[in-house]
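Secondary and tertiary structure notes
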Amino acid sequence: LFLLKNGAVSQIQENKIINKNIHTVLLHLEGDPLSYPIIKLNSLDKLQLSFDDFNDEFQEYYYSIYHCNSDWTLSDLMQSEYIDGFFENKISDYEYSFNTLINYKNYKLIFPEQILKPKLSGNYIISVFTNNNPEEIVLQKRFKILDEKISINAKVKRSTLINKRLYNHEIDFNIDYGNLYIPNPYSDIKIILKQNNREDNDITNLKPLFVKQNQLIYDYEEENTFEAGNEFRYFDTKSTRYHSEKIKEVSFDNNEINVELFTDVSKTFDEFITLGDINGNFIINKQEAWNSEIEADYVNVYFSLLENRRPSNGDIYIIGRFSDWDINEKYKLNWNEKTRKYECKILLKQGFYNYLYVLKENNNNKTNSSYIEGSHYQVNNDYYIYVYFKDIGNNYEQLIGYLKTSSNLF
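All of the points below concern the structure found in this document. (Residues numbered from 1 in each chain as written. Predicted model: local features only at pLDDT ≥ 70, side-chain atom pairs only at ≥ 80, totals over all residues. Heavy atoms only, no water.)

Locating Glu 295 in the fold gives a position in helix 3 (residues 292-295). Separated by 3.2 Å, the side chain of Glu 295 and the backbone nitrogen of Trp 290 make a polar contact. Only 2.9 Å separates the side chain of Glu 295 from the backbone nitrogen of Asn 291, close enough to count as a polar contact. When residues no more than four places from it in sequence are discounted, the contact partners of Glu 295 are Phe 98, Thr 100, Tyr 104, Lys 286, Ala 289 and Trp 290. (Helix = DSSP H or I, 4+ residues; strand = E, 2+ residues; numbered from the N terminus. Polar contact = N/O pair within 3.5 Å; in protein donor to acceptor, adjacent residues only side chain to side chain. Contact = heavy atoms within 4.5 Å.)

With that out of the way, let us pick up the sheet that holds strand 2 (residues 22-29). Read from one edge to the other, the open sheet built from 4 strands follows the order 2-4-9-8, with strand pairing classed as antiparallel. The open sheet is flanked by strand 2 and strand 8 (93-96), the only strands paired with a single partner. Across this sheet, the average inter-strand angle for adjacent strands is 15°, counted without regard to direction. In terms of strand pairing, strand 8 meets strand 9 (residues 105-111) through 4 bridges, oriented antiparallel. By the bridge assignment for strand 9, Glu 95 is matched with Asn 106. (Pairing = 2+ DSSP bridges. Axes fitted to C-alpha atoms, helices over the stretch in contact; angles between N-to-C directions.)

Take the sheet that holds strand 15 (residues 189-195) next. Taken in spatial order, the 3 strands of this open sheet run 15-30-31, and their pairing is antiparallel. In this open sheet, the two strands that pair with only one neighbour each are strand 15 and strand 31 (398-406). On average, each strand axis in the sheet is inclined to that of its neighbour by 15°, with strand direction left out of account. Of the pairings in the sheet, the one linking strand 15 to strand 30 (residues 382-389) comprises 7 bridges and is antiparallel in character. Across the sheet, the residue bridging to Ile 192 is Tyr 386, located in strand 30.

One finds Phe 51, Phe 111, Ile 126, Val 128 and Phe 143 to be the most contacted residues of the largest nonpolar core, which totals 33 residues. Of all the secondary-structure elements, those providing two or more residues to this core are strand 2, strand 4 (47-53), strand 5 (61-68), strand 9, strand 11 (122-130) and strand 12 (137-146). When residues in this core are grouped by element, the largest group, 5 residues, is from strand 5. Setting aside residues up to four positions removed in sequence, Ile 126 forms contacts with Leu 27, Leu 49, Tyr 63, Ser 64, Ile 65, Leu 109, Phe 111, Leu 139, Gln 140, Lys 141 and Phe 143. Core analysis: the second largest hydrophobic core is formed by 29 residues, Ile 247, Leu 261, Ile 316 and Phe 322 among them. (Core = buried A, V, L, I, M, F, W, Y, C linked by side-chain atoms within 4.5 Å. Buried < 20%, exposed > 50% of the residue type's maximum accessible area, 1.4 Å probe, protein only.)

On to unusual backbone geometry. Of the consecutive residues Phe 111 and Pro 112, the connecting peptide bond is found in the cis state with omega at 5°. Its identity as a non-glycine residue notwithstanding, Asn 42 has a phi of 60°, on the positive side. In this structure, Asn 42 sits in the loop between strand 3 (38-40) and strand 4. Here Asn 42 falls in the exposed class, since its relative accessible area comes to 68%.

Another point: the pairing of strand 5. For strand 5, the tally of buried residues reaches 8 of 8 residues, placing the bulk of the element in the interior. When strand 5 meets strand 7 (residues 89-91), the two strands line up antiparallel, connected through 3 bridges. Within strand 7, the position partnered with Tyr 61 by the bridge is Ile 91. Summarising the sheet, strand 5 and strand 11 pair through 8 bridges and their orientation is antiparallel. When the sheet's bridge partners are listed, Tyr 66 is paired in strand 11 with Ile 125.

What follows is the structure, encoded as structure tokens:
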């Protein structure tokens, strides 16, 4: 459901591709494709947005940014309150694909720009639209602006609870807010805790367990725990000439490249095996290319999962950063009675991808990765802590703290 508000795009601002001709939307720190889009307020840091356009005809794209609350609803601020400069600008940097089976144009934007930049911290959505009309939206992407005012100390460990000690991670942390005046830490501070920056299993309801000497203590035993999960699965399509270890077959049909992966099997009851992964991330790369941004081809990737259990309470999906961690019909696996497998086909740009399988339960919005992947405390995950503050004198939530830590301790 998309609702307009001052030209913005919806009440809950999500990572979305709205136009079917737009593919591979990337947003990260400039020059660091594996990073997540968070920069400091008034710094020289830049973000890079890029996307591929399959339209045969040339399109002119424009963008604007919108301030959001910690829950990604639109804030009550006017654009003039959080934008320094113009409210909209044109995306003028683009290149045509070179020597690819599917022709596309790769658009790129480096921002904040001098003529359009945020002047407040917090959550933001960048909206890209056509015809200089903010209502003709083709994509939107989340990013964050940090105004660091507090310090965070955190420790990741095995769960304190005996029955979860082999399967869960516990993230204990303290916030030192120094001389910052926080009238009521229980209502003025909002914590978002994320595992590998996933959007489907974050923790958002933590309150301080103790408040003492300008410190907020979050030392719970259960409320701050995640299922550790398992190492991510992966596949490599950087080359269509040579088969990497996860690729069963590469075929060419009607100017399409089809990549069939070897069938995956459930890891639910397997022992833990250490494998190198990039915690759900992905990177665009073509082995034979000088510039993968415009020379990488698009391939149909065929996934299959051998799973004898037929869940009656939900459906199985593929997720990763490439899917924006979104539970979407596009990434749903369907049961094939003939092959007796769950199957899915996804069009993806050449590169190296991490992914995993999750069970989405029908009666709620929860996802369960241990159903297919299992869960082991030895897994190396990244954990992200975001701290928001709503000052009594302001009508918006500032992002005043951020920490990335890891479970690579065992």
